[in-house]
Amino acid sequence: MTGPRTPRTPWHVDDQILAAYAAGTTPPVLSASVEAHVLGCADCRQRLGDDADPQGLDEAWERLASAIDRPSPGILGRLGSVHGSIRSTIATPAMVLAALSAVALVVLAPLTAAAVTGDAGLLALLVIAPLAPVAAVALAYRVQADPAGEISLATPAAGLRLVALRAVVVSVAALVATMVTLLLVDLWVDLTAAMVLAWFLPGVALSAVVLLACTTRLDPLRVAGALGLVWAAAVVTGSTAGRRVRPEVVLDIIASPALQTAALVIATAAVLLTVARRDTVSYRRTA
Amino acid sequence: MTTNTSTTTTTATIEADGLVKRYGSTPAVDGVTLSAGRGIIGLLGPNGAGKTTLLRMVATVLAPDAGRLRMLGLDPADPAQRTDIRRQLGYLPQSPGLYPGFTPFDLVDYVAVLKEHTDRDWRHEESRRVLESVGLADVMHRKIRKLSGGMKQRVALAAAMVGSPQLLVLDEPANGLDPDQRLRLRSLKTESSTVLMSTHNISEVGALCQSVYVMFDGRIRFAGTPAELAGLAAGQVWEDASQDPRAIRSWITATGAYRHLGEPPSGAQVVDPTLDDGYLLLARREQS
């Protein structure tokens, strides 16, 4: 034998059908018959090659190659694509940047401080932990942080859903980073359960207020900055009342039922108000 | 650009009544009333006339301070109806921001997601289709930061056109395009039945638009067909070998002759007006 065996068939596809097949206009059943025959018949294959549109073939190859070459989404992508649209909605560069800054803010600063001195590290953590989700919400809203913001505003997905979704995603990233940091800080300083959890509700309350600011004429980034300064000032003042830094005093206040309840009330009220005013998020009254 | 106008209906696609938008105390749009049907509608006017502000309100990005606005028979002031408008809307902003790390394909696909196209295969096919239609088939998988200004503009145009929205709002679509690309924009086919586009380029209006609005200082000063805009200057354009102080406006043409706008003196060689003549006459009246 010299080369692949080509079975001789007694009949061939007639010219008209072959031309229609090449043009892609044959019905599915006929297409299947033509394909089955052409696979086994070198003559018809040759004739089909003459009929086929080379540009169309190149385009088909291009499409096939690009489909094969496209990287697979990976584990995170797969988890996120439970609802494909959610994944793409949050996977914008602005969001990645916001999440990374929030994480860096939460992890690096107090770790450095804790490495130098345990107390200062704890203080830094107290200042920063509740502010990370605040920064996240502000960055998630900020249109300037989203270069394609003007385009996305004119789509049905615009509005509180998009802002809230992005804010939640970045906040969760900040939350996880904070927890990891706390565990690392625990290597230097003994932490109680109260220390690990106390910052959470104040953080939610502050973030909710920033989210509420998104529904007003106020710039959420400025509101976030103002709230952050007030919070930081309160924590630093409270901690340095005596001669040495005593962050545990402030921690006791933050972990107290009164302050936690107040934070919960503020958070709930701000979220409810935001939902009631959700319309203004995507339909701006200002430039 | 050509639109698909096979289906006809009598309702106006864009209706505005006494529309006002102020920045501080300065009105950018100052009582605009218009009723635009299907086809390609051109919006002309000098810089700062309020074109972009008007388009942003039509694109449901900006809320008017006063007046009534309806697109596709729906009211953007109502949240549910606004979302309905956005489902049938494509918008190209004046200086569209794009993610430099995305490819054109990623970006158009992302915008399609925001437009609630959940079927992934269909969306990818559609993203490829619109990118091919604006001539970006070769670079659709290259990073946007590596593309030229004209290419970026076409990426944003493709993003506006994805999903064949009923209403297309284009703020200076020819911005950044070279003459060849501008010409191709003119033959671009769209399934959208109504296209509202602002432009500085008067010849574009003549080549593309079925109707035209001219804005000055936040108000619509002309509404009609391109032929009617040119017709404003009928009998008021003449050409001469030398400059004529009686003309309200004169400029030298490519042939070396002077073209004059205004009340022609007796015996003047009156010529047919162009769109430019009509626009310039309108602009001159606004100034005085």
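Residues numbered from 1 in each chain as written. Chains lettered and ligands numbered in written order. Predicted model: local features only at pLDDT ≥ 70, side-chain atom pairs only at ≥ 80, totals over all residues. Heavy atoms only, no water.

## Description of the overall build of chain B
Piece 1. Helix and strand counts for chain B come out as 9 helices and 15 strands.
Piece 2. Counting every position in chain B, which comprises 288 residues, the buried fraction comes to 52%.
Piece 3. Across chain B, contacts joining residues at least 24 apart in sequence account for 66% of those joining residues at least 6 apart.
Piece 4. Surface summary for chain B: the accessible area is close to 12200 Å², and the carbon and sulfur share equals 47%. (Helix = DSSP H or I, 4+ residues; strand = E, 2+ residues; numbered from the N terminus. Buried < 20%, exposed > 50% of the residue type's maximum accessible area, 1.4 Å probe, protein only. Contact = heavy atoms within 4.5 Å. Areas by Shrake-Rupley, 256 points an atom, 1.4 Å probe, with all protein chains shown as cover.)

## A short note on the overall build of chain A
Piece 1. Helix and strand counts for chain A stand at 17 helices and 0 strands.
Piece 2. Sorting the 287 residues of chain A into buried and exposed places 39% on the buried side.
Piece 3. If you take every contact in chain A between residues at least 6 apart in sequence, the share linking residues at least 24 apart comes to 74%.
Piece 4. With an accessible surface of roughly 15800 Å², chain A has 68% of that area assigned to carbon and sulfur atoms.

## Notes on the nonpolar core
A general tendency of soluble globular proteins is for nonpolar side chains to be buried together.
Piece 1. Membership of the largest hydrophobic core comes to 53 residues, with the highest contact counts inside it found for B:Leu44, B:Leu107, B:Leu157, B:Leu170, B:Val214 and B:Leu229.
Piece 2. With 32 residues, the next largest nonpolar core counts B:Leu43, B:Met57, B:Val61 and B:Leu196 among its residues. (Core = buried A, V, L, I, M, F, W, Y, C linked by side-chain atoms within 4.5 Å.)

## Topic: the pattern of salt bridges
Two side chains that carry opposite charge are able to pair once their charged atoms sit near each other.
Residues and elements named next belong to chain B.
Piece 1. Applying the stated criterion across every chain, the model contains 14 salt bridges over all chains.
Piece 2. For Glu125, the salt bridge is made with Arg128, and the minimal N-O distance between the two is 3.5 Å. Highlighted residues: Glu125 and Arg128, both in helix 4 (residues 120–133), separated by 3 residues, approximately one helical turn.
Piece 3. Residue Glu125 is classed as partly exposed on the basis of its relative accessible area, which comes to 42%.
Piece 4. By relative accessible area, which is 10% here, Arg128 ends up buried.
Piece 5. Among the salt bridges present, the one from Arg246 reaches Asp244, with a minimum N-O distance of 3.0 Å. (Salt bridge = Lys/Arg side-chain N within 4 Å of Asp/Glu carboxyl O.)

## A look at the packing of aromatic side chains
Centre-to-centre distance and the angle between the planes together describe a pair of aromatic rings.
Residue and element names in this part refer to chain B.
Piece 1. A full pass over the atoms with the stated rule returns 5 aromatic pairs over all chains.
Piece 2. Relative to Tyr110, the ring of Tyr99 lies with its centre 5.7 Å away and its plane at 65 degrees, an arrangement referred to as edge-to-face. Of this pair, Tyr99 sits in the loop between strand 6 (89–92) and helix 3 (104–114) while Tyr110 is found in helix 3, placing the two residues 11 residues apart along the sequence. Tyr110 carries the same exposure label as Tyr99, and that label is buried.
Piece 3. Relative to Tyr279, the ring of Phe216 lies with its centre 6.1 Å away and its plane at 25 degrees, an arrangement referred to as stacked. On the criterion of sequence distance, the pair formed by Phe216 in strand 10 (residues 211–216) and Tyr279 in helix 9 (residues 275–287) is long-range, its members being 63 residues apart. (Phe/Tyr/Trp six-rings, centres within 6.5 Å; stacked < 30°, edge-to-face > 60°.)

## What to know about the packing of helix 1 (residues 15–23) of chain A against helix 3 (residues 42–51) of chain A
Residues and elements named next belong to chain A.
Piece 1. The geometry of helix 1 relative to helix 3 is characterised by a closest axis approach of 9 Å and an angle of 55 degrees between their N-to-C directions. For the element pair helix 1 / helix 3, the angle class is oblique. Seen along the crossing, helix 1 lies across helix 3 with a hand that is right-handed. The residues of helix 3 that touch helix 1, namely those facing Asp15, Leu18, Ala19, Tyr21 and Ala22, are Cys44, Arg47, Leu48 and Asp51.
Piece 2. Looking at side-chain class alone, the contact of helix 1 with helix 3 contains 6 nonpolar, no polar and 3 charged residues. (Axes fitted to C-alpha atoms, helices over the stretch in contact; angles between N-to-C directions. Parallel < 35°, antiparallel > 145°, perpendicular 65-115°, else oblique. Left-handed = near helix turned anticlockwise from the far one by under 90°. Nonpolar A, V, L, I, M, F, W, Y, C, P; charged D, E, K, R; others polar.)

## Remarks on the sheet that holds strand 13 (residues 249–252) of chain B
Residues and elements named next belong to chain B.
Piece 1. The strand order across the open sheet built from 4 strands is 13-14-12-15, with neighbouring strands paired in antiparallel fashion. In this open sheet, the two strands that pair with only one neighbour each are strand 13 and strand 15 (269–270).
Piece 2. With 2 bridges joining them, strand 12 (residues 237–240) and strand 15 adopt antiparallel strand pairing. Pairing of Glu239 across the sheet is with Gln269, part of strand 15. (Pairing = 2+ DSSP bridges.)

## Details of the pairing of strand 7 (residues 167–171) of chain B
The two faces of a sheet get side chains in turn, since along a regular strand they alternate between them.
Residue and element names in this part refer to chain B.
Piece 1. Burial analysis of strand 7 places 5 of its 5 residues in the buried class, which makes it a mostly covered element.
Piece 2. Pairing of strand 7 with strand 9 (residues 194–198) involves 5 bridges; the strand directions are parallel. When the bridges of strand 9 are listed, Val169 appears paired with Leu196.

## Structural notes on the packing of helix 2 (residues 28–40) of chain A against helix 3 of chain A
Residues and elements named next belong to chain A.
Piece 1. Contact pair helix 2 / helix 3: the axes reach a minimum separation of 6 Å and the direction vectors enclose 115 degrees. When the interaxial angle is binned, helix 2 and helix 3 end up roughly perpendicular. Considering how the two elements wind past one another, helix 2 and helix 3 form a crossing that is left-handed. Residues His37, Val38, Leu39 and Gly40 of helix 2 form the contact with helix 3, whose own contacting residues are Ala42, Cys44, Arg45 and Leu48.
Piece 2. Across the contact of helix 2 with helix 3, the residue classes break down as 5 nonpolar, 2 polar and 1 charged.

## Thoughts on the environment of B:Leu74
Residue and element names in this part refer to chain B.
Piece 1. Along the chain, Leu74 turns up in the loop between strand 5 (66–71) and helix 2 (79–87).
Piece 2. Sequence-wise, Leu74 and Glu15 are 59 residues apart; in three dimensions their C-alpha atoms are separated by 9.7 Å.
Piece 3. When sequence neighbours within four positions are dropped, the list of residues in contact with Leu74 reads Leu69, Gln81, Asp84, Ile85 and Gln88.

## Things to note about the sheet that holds strand 11 (residues 219–224) of chain B
All names here are of chain B.
Piece 1. Judged by pairing direction, the sheet is mixed, and its 6 strands sit side by side in the order 6-7-9-4-10-11 without closing on themselves. One side of each edge strand has no neighbouring strand; the edge strands of this open sheet are strand 6 and strand 11. Averaged over neighbouring strand pairs, the angle between their axes works out to 15 degrees when direction is ignored.
Piece 2. Pairing between strand 4 (residues 39–44) and strand 9: 5 bridges, direction parallel. Across the sheet, Ile41 pairs through a bridge with Leu196, a residue of strand 9.

## Thoughts on the pairing of strand 3 (residues 26–36) of chain B
Residue and element names in this part refer to chain B.
Piece 1. Pairing of strand 2 (residues 14–23) with strand 3, which is carried by 8 bridges, proceeds in the antiparallel orientation. Paired with Glu15 across the bridge in strand 3 is Ser35.
Piece 2. Adjacent in sequence and paired antiparallel, strand 2 and strand 3 are bridged by 2 residues, among which Gly24 carries a positive phi angle near 70 degrees.

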